[in-house]
Amino acid sequence: MAQVLSLQEVFHSADTRHARPAKPPQRTTHKFKTSVSVPKRGAVTPLRKTHKLNSDVSPHRAVSAVRLMRIEMGGAFADLLNEKGKGSGENEMGYVGRTLGFRTKDLDDRDLRLVTDVVGGTIRWRRYLDHLICSLCHDERVFRSMEPLLLQILRIGFYEILKLDMPPYAVVDENVRLAKAALRPGAGNLVNGILRKLLVVKDNDSLPLPKVEGDDRTQARALATIHSHPVWMVRRWTKYLGQEETVRLMVWNNSDPSFSLRANCGKGFSRDDLVKQLQVLKVLDLYLLVGINATKNIILDFQRKVPHELSLHLDDFVRIRTGMQAVLQAGLLKQGLCAVQDESAGMVVSVVDPQPNETIIDCCAAPGGKTLYMAALMKHHGKVYAIDVNKGRLRILKDTAQVHQVDGIITTVAADLRTFAEETKEKYDKVLLDAPCSGLGVLSKRADLRWNRRVEDLEELTNLQDELLDAASTLVRPGGVLVYSTCSIDPEENEERVEAFLLRHPEFNIDPVDRWIPAAFVTNRGFFASNPAKHSVDGAFAARLVRASVKRTS
Ligand SMILES: C[S@@+](CC[C@H](N)C(=O)[O-])C[C@H]1O[C@@H](n2cnc3c(N)ncnc32)[C@H](O)[C@@H]1O
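If you're wondering where the values come from, they're calculated on a predicted model, not measured in any experiment. (Residues numbered from 1 in each chain as written. Predicted model: local features only at pLDDT ≥ 70, side-chain atom pairs only at ≥ 80, totals over all residues.)

S.K.: Just to check I follow, could you spell out the site of the ligand for this structure?
M.R.: Taken together, 22 residues are adjacent to the ligand, and Cys 364, Gly 369, Asn 390, Leu 417 and Asp 434 come closest. Elements with a minimum of two residues in the shell around the ligand: α17 (369-377), β12 (383-388) and α19 (417-423). Looking at the shell around the ligand residue by residue, the classes come out as 12 nonpolar, four polar and six charged. (Near = placed C-beta within 6 Å. Helix = DSSP H or I, 4+ residues; strand = E, 2+ residues; numbered from the N terminus. Nonpolar A, V, L, I, M, F, W, Y, C, P; charged D, E, K, R; others polar.)

S.K.: I tried to follow the sheet that holds strand β5 (residues 259-263) on my own but got confused; where do I start?
M.R.: What links the strands of a sheet is backbone hydrogen bonding, and the strands pair in either a parallel or an antiparallel sense. What the four strands build is an open sheet, ordered β8-β9-β5-β10; its pairing is antiparallel. This sheet does not close on itself; its edge strands, each paired only once, are β8 (308-310) and β10 (338-340). Across the sheet, the mean angle separating the axes of adjacent strands is 30° when strand polarity is ignored. By the bridge criterion, four bridges tie β5 to strand β9 (residues 317-320) in an arrangement that is antiparallel. Its bridge partner being in β9, Arg 262 is matched across the sheet by Phe 317. (Pairing = 2+ DSSP bridges. Axes fitted to C-alpha atoms, helices over the stretch in contact; angles between N-to-C directions.)

S.K.: It is not clear to me how the confidence of the model for the chain should be interpreted in this structure. Could you clarify?
M.R.: Interpretation of the predicted coordinates at a detailed level should be avoided for regions scoring low in pLDDT. Averaged over the chain, the pLDDT score is 86; the fraction of residues at 70 or greater is 83%. Across residues 29-48 the pLDDT falls below 50, and counting only partners more than four positions away or on other chains, this stretch makes 30 contacts in the model. This stretch, residues 75-88, has a pLDDT under 50; its non-local contacts, to residues over four places away or in other chains, come to 46 contacts. Across the interfaces of the predicted complex, the ipTM metric reaches 0.99, alongside a pTM of 0.86. (pLDDT = per-residue confidence, 0-100. Contact = placed C-beta atoms within 7 Å.)

S.K.: Even after reading the chapter, I still don't get helix α8 (residues 168-182), so can you show me in this structure?
M.R.: In an α-helix there are 3.6 residues to a turn, and that puts residues three or four apart on one side. Here α8 contains 15 residues, and its C-alpha end-to-end distance of 21 Å stays within 8% of the 21 Å for a straight helix at 1.5 Å per residue. Of the residues making up α8, those classed as buried are Val 171, Val 172, Glu 174, Asn 175, Val 176, Leu 178, Ala 179 and Ala 182. (Expected span 1.5 Å × (residues − 1). Buried ≥ 20, exposed ≤ 12 C-beta atoms within 10 Å, placed from the backbone.)

S.K.: Quick question: what am I supposed to make of helix α12 (residues 243-254) here?
M.R.: With 12 residues, α12 should reach 16 Å at 1.5 Å per residue; the first-to-last C-alpha distance of 17 Å fits that figure. Looking at α12, one finds that the buried residues are Thr 246, Leu 249, Met 250 and Asn 253. Buried residues along α12 cover an arc of 100° about the axis, so they all sit on one side. (Arc of directions from axis to C-beta.)

S.K.: How should I be thinking about the pairing of strand β14 (residues 428-434) in this particular structure?
M.R.: When a strand is regular, its side chains alternate between the sheet's two faces. Judged by how many residues are buried, β14 sits mostly within the fold: six of seven residues are covered. Bridging between strand β11 (residues 359-362) and β14 involves three bridges; their strand directions are parallel. Its bridge partner lying in β14, Asp 362 is registered against Leu 432. In the sheet, β14 pairs with strand β15 (residues 476-486) via six bridges, with the strands oriented parallel. Bridge pairing links Leu 432 to Val 483 in β15.

S.K.: What am I meant to see in the nonpolar core here?
M.R.: Side chains of nonpolar character tend, in soluble globular proteins, to be buried together. Among the nonpolar cores identified, the biggest contains 89 residues, and Leu 433, Phe 528 and Ala 542 are the most heavily contacted of them. For this core, the leading source of residues is helix α16 (residues 343-352), giving six residues. When we break this core down by domain, the ones giving at least three residues each are domain 2 (259-340) and domain 3 (343-547). Aside from chain neighbours lying at most four places away, what touches Ala 542 is Val 348, Val 351, Val 483, Tyr 484, Ser 485, Val 513, Phe 527 and Phe 528. Residues Val 66, Leu 68, Ala 179 and Leu 198 belong to the second largest nonpolar core, which totals 51 residues. (Core = buried A, V, L, I, M, F, W, Y, C linked by C-beta atoms within 7 Å. Domains from an automatic or database assignment.)

S.K.: I tried to follow the UniProt feature "binding site: S-adenosyl-L-methionine" (unreviewed entry) in the chain on my own but got confused; where do I start?
M.R.: Within this numbering scheme, the UniProt entry marks Cys 364, Ala 365, Ala 366, Pro 367, Gly 368, Gly 369, Lys 370, Asp 388, Asp 416 and Asp 434 as carrying the feature "binding site: S-adenosyl-L-methionine" (unreviewed entry). Considering the arrangement of structural elements, one finds Ala 365 in the loop between β11 and α17. Exposure remark for Ala 365: the 28 C-beta atoms within 10 Å place this residue in the buried category. In contact with Ala 365, not counting residues within four places along its chain, are Thr 371, Ala 386, Ile 387, Asp 388 and Leu 397. Here Gly 368 shows up in the loop between β11 and α17. (UniProt positions renumbered as here; feature names shortened; annotations may be inferred.)

S.K.: What exactly am I supposed to notice about the packing of helix α5 (residues 126-136) against helix α10 (residues 216-226) here?
M.R.: With their axes 7 Å apart at the nearest point, α5 and α10 run at an angle of 95° to one another. With respect to each other, α5 and α10 are oriented roughly perpendicular. Where α5 approaches α10, its residues Arg 127, Tyr 128 and His 131 are matched on the opposing element by Ala 224, Thr 225 and Ile 226. Partitioned by chemical class, the residues of the contact of α5 with α10 number three nonpolar, two polar and one charged. (Parallel < 35°, antiparallel > 145°, perpendicular 65-115°, else oblique.)

S.K.: Looking at this structure, I do not really get the packing of α8 against helix α9 (residues 185-203). What am I missing?
M.R.: Each packed pair of helices is defined by two parameters, the angle between the axes and the distance between the axes. Put simply, α8 and α9 touch, their axes get as near as 7 Å, and they point 160° apart. Considered as vectors, α8 and α9 are oriented roughly antiparallel to each other. Our pair here, α8 against α9, has a crossing hand that is right-handed. Residue-level contacts link Pro 168, Val 172, Asn 175, Val 176, Ala 179 and Lys 180 of α8 to Pro 185, Ala 187, Gly 188, Val 191, Asn 192, Leu 195, Arg 196 and Leu 199 of α9. (Left-handed = near helix turned anticlockwise from the far one by under 90°.)

S.K.: I would appreciate a short explanation of the environment of Asp 203 in the present structure.
M.R.: By secondary structure assignment, the location of Asp 203 is in helix α9. By the C-beta count within 10 Å, which is 9 here, Asp 203 ends up exposed. A sequence separation of 50 residues divides Asp 203 from Asn 253, and the C-alpha atoms of the two residues are 27 Å apart.

S.K.: How do you make sense of the environment of Arg 113 when you look at a structure like this?
M.R.: Along the polypeptide, Arg 113 turns up in helix α4 (residues 109-124). Among the residues examined, Arg 113 registers 23 C-beta atoms within 10 Å and is labelled buried. Counting along the chain gives 429 residues from Arg 113 to Ala 542, while the straight-line C-alpha distance between them is 34 Å.

S.K.: Even after reading the chapter, I still don't get unusual backbone geometry, so can you show me in this structure?
M.R.: With the exception of glycine, most residues fall at negative phi, and the peptide bonds are largely trans. Pro 367 follows Ala 366 through a cis peptide bond whose omega is 5°. Looking at the secondary structure, you find Pro 367 in the loop between β11 and α17. Although it is not a glycine, Ser 228 adopts a positive phi angle of roughly 55°. Note that Ser 228 resides in the loop between α10 and α11 (231-241). Phi at His 380 is positive, roughly 70°, even though this residue is not glycine. Mapping His 380 onto the fold places it in the loop between α17 and β12. On the neighbour-count criterion, His 380 (12 C-beta atoms within 10 Å) is exposed.

Shown next, in the form of structure tokens:
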């Protein structure tokens, strides 16, 4: 998974191709009992005008419920940063019509933001929400056999009340209305009963959550429920970070992701230029609107400029907490003036330290976040080869390179790195291996990823990482540099891979990264490692290794 988000990844940042439902509490999955039809995997058909408009149901809840269904049933994407008119908005109403049997009003900008927040948050908090819903059902069997759409409506209601602090009675009313319209009156009554129980326990401050006590396993299970993560992650992190740090990490993963933008100096667009643009863009203050809008339908257009701050670590980067929608709509990304890129990814490029006239190979390049940044820093002089086994993602890289006007020095190669390395005799000044990894450093941005990763994936990934490292190392010229990076915080994918590599390849030595990276990010062994909870950027890792020069024999 990419640490740098391409435009496509921003739109589809909850890729659920491998979606599995959150485990506890276990529910029996069964076919729909009602007239609800399951949308076919990936099917996109034009909106059927025959679906009646239901203006009693709030559009953002109907769309969120349907999107969550698509995600849970697999084969769908949650467009966490939805862009109006980018296709998904129109197709989405088609899905709503086919799934619920009625249409709703079109989504306006506020609805789009709400859908993004509700879908992302509901996915993130799934384990926690399901625990509470199950605890408040009068009989556990009711929860276990609950039909999928009903469960999504309840999750939305619980999330809105507990995490978005929306006016509770409006949430109950609206979700009951949705359940009645989309399912049947009885479903509405069930939603009403359970949501009202929630309001009571919330008001009494007695949410039925587990206590963190007992043996390690029981504590991990309780923490996993309270902070909505898989138990295996909690156990693994507790082992090497301790409980306190693990909790901090989970809190970070559950917080709203913040994004960074990189001004594209390759197109002559500086950070100052970017800041000027951000100052004139307007962002709606959603939460103010939600509070008022949800109860009385009063619309208040309270606008302010996109809040941003300059990166402390990288000259071309600006952080934004909210306002991505405004940035998208202003076309700054489409015009290639800037890119969405986390500072941790930017720092990996700093570790490579690309210079004009160098020949660099980016071994796992797509969708190209680091390739493009390296090319921009090389000021149109030199060569960057971008290899990736995934042709589709490589095409994105090629297209973006054109828009960013750095394509003149980039050559894309669709190949498996292992085969490529075997077949070529070429050597390069610098080799970047941004390896496929678990993505455990980017869980705040990838809402669904925590539920899709299994502990067994790690072994498969570390084997691949070793093979790719061996292959990449053959491409480094004597005296040249190999940078190994991941967007993981797991030592097995990071330090342990490098140490194992150095044992296999004594011709390489560690080149400490402190010349390029602030001290706070440099480990004892001289590697770059960012810790989301500590540094407020994604978790990433990079090691800079230098190949010994050939000794001249006289
Ligand atoms: C972490 S992503 C790279 C992100 C990219 N460096 C960026 O900054 O946008 C890992 C990439 O490795 C590619 N990949 C996986 N196995 C590969 C292989 N055997 N050879 C080449 N590329 C591979 C995947 O297709 C994926 O695009």
